[in-house]
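# Inside the fold
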Amino acid sequence: MRRELTADMVDEVCPSGLSPFRVGDKWAGLVLKLLEDGPRRFGELRVPLHRVSPKVLTASLRALERDGLVSRTEHTGQGRRVEYDLTPLGRSLLGPLAVVCAWAEEHWEELLDARESYDRAAARGGEASTAATPAATAAASAPAASRVAASGASGA
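Report follows, based on the coordinates. Since the model is a prediction, treat every value here as computed from it, not as a measurement.

### Concerning the overall build of the protein
In terms of helices and strands, the protein carries 9 helices and 3 strands. Taken from the N to the C terminus, the helices and strands of the protein come in the order α-α-β-α-α-β-β-α-α-α-α-α. Classification of the 156 residues of the protein by burial places 33% in the buried group. When the accessible surface of the protein is split by element, carbon and sulfur atoms take 55% of a total near 9300 Å².

### Overview of the pairing of strand 2 (residues 70-75)
Inspection of the sheet shows strand 2 paired to strand 3 (residues 81-86) by 6 bridges, in the antiparallel sense. Paired with Ser71 across the strands is Asp85, a residue of strand 3. Joining the antiparallel neighbours strand 2 and strand 3 is a turn of 5 residues, in which Gly77 adopts a positive phi near 130°.

### Some details on the sheet that holds strand 1 (residues 40-41)
In space, the 3 strands of this open sheet follow the order 1-3-2, with antiparallel pairing throughout. The outermost strands of the open sheet, each flanked by one partner alone, are strand 1 and strand 2. The pairing of strand 1 with strand 3 spans 2 bridges and is classified as antiparallel. Counterpart to Arg41 in the pairing with strand 3 is Glu83.

### Focus on the nonpolar core
One finds Leu45 and Leu49 to be the most contacted residues of the largest nonpolar core, which totals 21 residues. Elements with a contribution of two residues or more to this core: helix 2 (28-34), helix 4 (54-66), strand 3 and helix 6 (94-106). Counting residues per element, this core draws most heavily on helix 2, at 5 residues.

### So, the pattern of salt bridges
Where side chains of opposite charge bring their charged atoms close, a pairing between them can arise. Under the counting rule described, the total for this entry stands at 5 salt bridges. Where Arg72 meets Glu74, a salt bridge forms, and the shortest distance between an N and an O atom there is 2.9 Å. Under the relative-accessibility criterion, Arg72 is labelled partly exposed at 32%. Glu74 gets classed as partly exposed once you look at its relative accessible area, which sits at 44%. Salt bridges sharing partners connect three or more residues here, namely Arg72, Glu74 and Arg80.

### A closer look at helix 7 (residues 108-123)
The end-to-end C-alpha distance of helix 7 is 22 Å, a good match for the 22 Å that 16 residues give at a rise of 1.5 Å each. Positive phi shows up at Gly125, right after helix 7, with a value of about 90°.

### Regarding a negative patch on the surface
On the surface, a cluster of negative charge is contributed by Glu106, Glu109, Glu110, Asp113, Glu116 and Asp119. Counting residues per element, the negative patch draws most heavily on helix 7, at 5 residues. Tracing the sequence through the fold places Glu109 in helix 7.

What counts and how
- Residues numbered from 1 in each chain as written.
- Predicted model: local features only at pLDDT ≥ 70, side-chain atom pairs only at ≥ 80, totals over all residues.
- Heavy atoms only, no water.
- Helix = DSSP H or I, 4+ residues; strand = E, 2+ residues; numbered from the N terminus.
- Buried < 20%, exposed > 50% of the residue type's maximum accessible area, 1.4 Å probe, protein only.
- Areas by Shrake-Rupley, 256 points an atom, 1.4 Å probe, with all protein chains shown as cover.
- Pairing = 2+ DSSP bridges.
- Core = buried A, V, L, I, M, F, W, Y, C linked by side-chain atoms within 4.5 Å.
- Salt bridge = Lys/Arg side-chain N within 4 Å of Asp/Glu carboxyl O.
- Expected span 1.5 Å × (residues − 1).
- Patch = residues over 30% accessible without salt bridge, like charges linked within 9 Å, V, L, I, M, F, W, Y side chains within 5 Å.
- Lys, Arg positive; Asp, Glu negative; His and termini not counted.
- Charge placed at Lys NZ, Arg CZ, Asp CG, Glu CD.

What follows is the structure, given as structure tokens:
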């Protein structure tokens, strides 16, 4: 069943925003999640993604289309209309994306603590020490291929 997209669907402080894993760009994971229930028009996506500029959202959608995760369909007739939808490849990413979101939610406090610690150190003008944070330790110990593969995903 297709649910309505609302402005409060994507919290400013959301576990997916804390996730160090990215698919494409900062907003791509959220876009994929919002397309889970079926095709959406650009204006529909803008409602919950109101903090994203139209230019950045367009760039994210184009990148997802280029990667084969999203399809763009132009409808002609009474007024031009464009819809975005998940491709089978994009839909296959929803499961792993859900796992990443659950991980981010489980480690919410650790992620916030690590970011606050880093930002405090950076504000003091010193180099922030990330070695002491659990999240940084886990990231550093992951195989390089995993870090590269995960460096582009955002949870939703």
